Amino acid sequence: LEPELIAGIFRRGHKLMVSGASKSGKSFMLIELALCLASGRPWLGYKCQRCKVLYVNMEISEPSFAYRIDCVSAAGNINMEECNDNLKIINLRGTNTTLKEMSGALIGTILMELAETGTPYSAVILDPIYKLSNGEENSAKDVGAFCHELDKIAAITGVSVIYSHHH
């Protein structure tokens, strides 16, 4: 079995979806998860393995996203220095791309981190996936192709893929 990133919940190389209605707090939950993984703090009471996390923010403006990180770290008493260099954020609000178009660049970024630092990312967070989909969410074929891209990212890089989805 692959190493656990969240004890009893989630392993390296697997996928995890956080789903909820619009404005239900999914991004706040994912920011908290990113900080807990980066610092090794528990998330929702579950022990987290300290690791490198790449957060791809597709929806929130860069200043607002930074403000949310400040709010979540303050609320959770997480000193950002605990995260050291374990959290990297890519802000892509306003970018019009699909996961299929972006997966090569994402894989390259993940593999480059390993080559440059010797320490790989263990998780990548994609928030939200509706910004990356060009298919019909009620089509098994389209959803299958989208999930195949997520699996490809995990298989090539070894990262866990965490994503949010509106419903």
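Everything below is about the structure printed above this text.
Please read all numbers here as calculations on a predicted model, not as lab measurements. (Residues numbered from 1 in each chain as written. Predicted model: local features only at pLDDT ≥ 70, side-chain atom pairs only at ≥ 80, totals over all residues. Heavy atoms only, no water.)

**Points about the pattern of salt bridges**
- In this structure the tally under the stated criterion is 6 salt bridges.
- Salt-bridge contacts for Glu-149 lead to Lys-100; the nearest nitrogen and oxygen are separated by 3.6 Å. Separated by 49 residues along the polypeptide, Glu-149 in helix H5 (residues 140–157) and Lys-100 in helix H4 (residues 99–117) bring together distant segments of the chain.
- Using a relative accessible area of 5% as the deciding quantity, one classes Glu-149 as buried.
- Linked by salt bridges that have partners in common, Lys-100, Glu-149 and Lys-152 make up one network. (Salt bridge = Lys/Arg side-chain N within 4 Å of Asp/Glu carboxyl O. Helix = DSSP H or I, 4+ residues; strand = E, 2+ residues; numbered from the N terminus. Buried < 20%, exposed > 50% of the residue type's maximum accessible area, 1.4 Å probe, protein only.)

**Describing the packing of H4 against H5**
- Two elements in contact, H4 and H5, have axes whose closest approach is 10 Å; the angle formed by their N-to-C orientations is 15 degrees. Between H4 and H5, the angle is such that the two are roughly parallel. Like other packed secondary-structure pairs, H4 and H5 cross with a definite hand, here right-handed. In contact with Leu-99, Lys-100, Ser-103, Leu-106, Ile-107, Ile-110 and Leu-111 of H4, H5 contributes Phe-146, Glu-149, Leu-150, Lys-152, Ile-153, Ile-156 and Thr-157.
- For the contact of H4 with H5, the residue count by class is 9 nonpolar, 2 polar and 3 charged. (Axes fitted to C-alpha atoms, helices over the stretch in contact; angles between N-to-C directions. Parallel < 35°, antiparallel > 145°, perpendicular 65-115°, else oblique. Left-handed = near helix turned anticlockwise from the far one by under 90°. Contact = heavy atoms within 4.5 Å. Nonpolar A, V, L, I, M, F, W, Y, C, P; charged D, E, K, R; others polar.)

**Thoughts on the pairing of strand S7 (residues 160–166)**
- Most of S7 sits inside the fold, with 7 of its 7 residues counted as buried.
- Sheet topology places strand S3 (residues 15–20) next to S7; 6 bridges connect them, and they run parallel. Paired with Val-18 across the bridge in S7 is Ser-164.
- In the sheet, strand S6 (residues 121–127) pairs with S7 via 4 bridges, with the strands oriented parallel. Opposite Leu-126, over in S7, you have Tyr-163 as the bridge partner. (Pairing = 2+ DSSP bridges.)

**Overview of unusual backbone geometry**
- At the junction of Asp-127 and Pro-128, the peptide bond is cis and its omega measures out at -10 degrees in the coordinates.
- Among the structural elements, Pro-128 can be located in the loop between S6 and H5.
- Phi at Leu-44 takes a positive value of approximately 55 degrees, unusual for a residue other than glycine.
- Counting through the fold element by element, Leu-44 comes out in the loop between helix H1 (26–39) and strand S4 (52–57).

**Some points on the side chain of Lys-52**
- Examined against the element boundaries, Lys-52 turns out to sit in strand S4.
- When its relative accessible area of 8% is taken as the criterion, Lys-52 is described as buried.
- Look past the residues within four positions of Lys-52 in its chain and what remains in contact with it is Asp-85, Asn-86, Glu-113, Thr-117, Thr-119, Pro-120, Tyr-121, Ser-122 and Ala-123.

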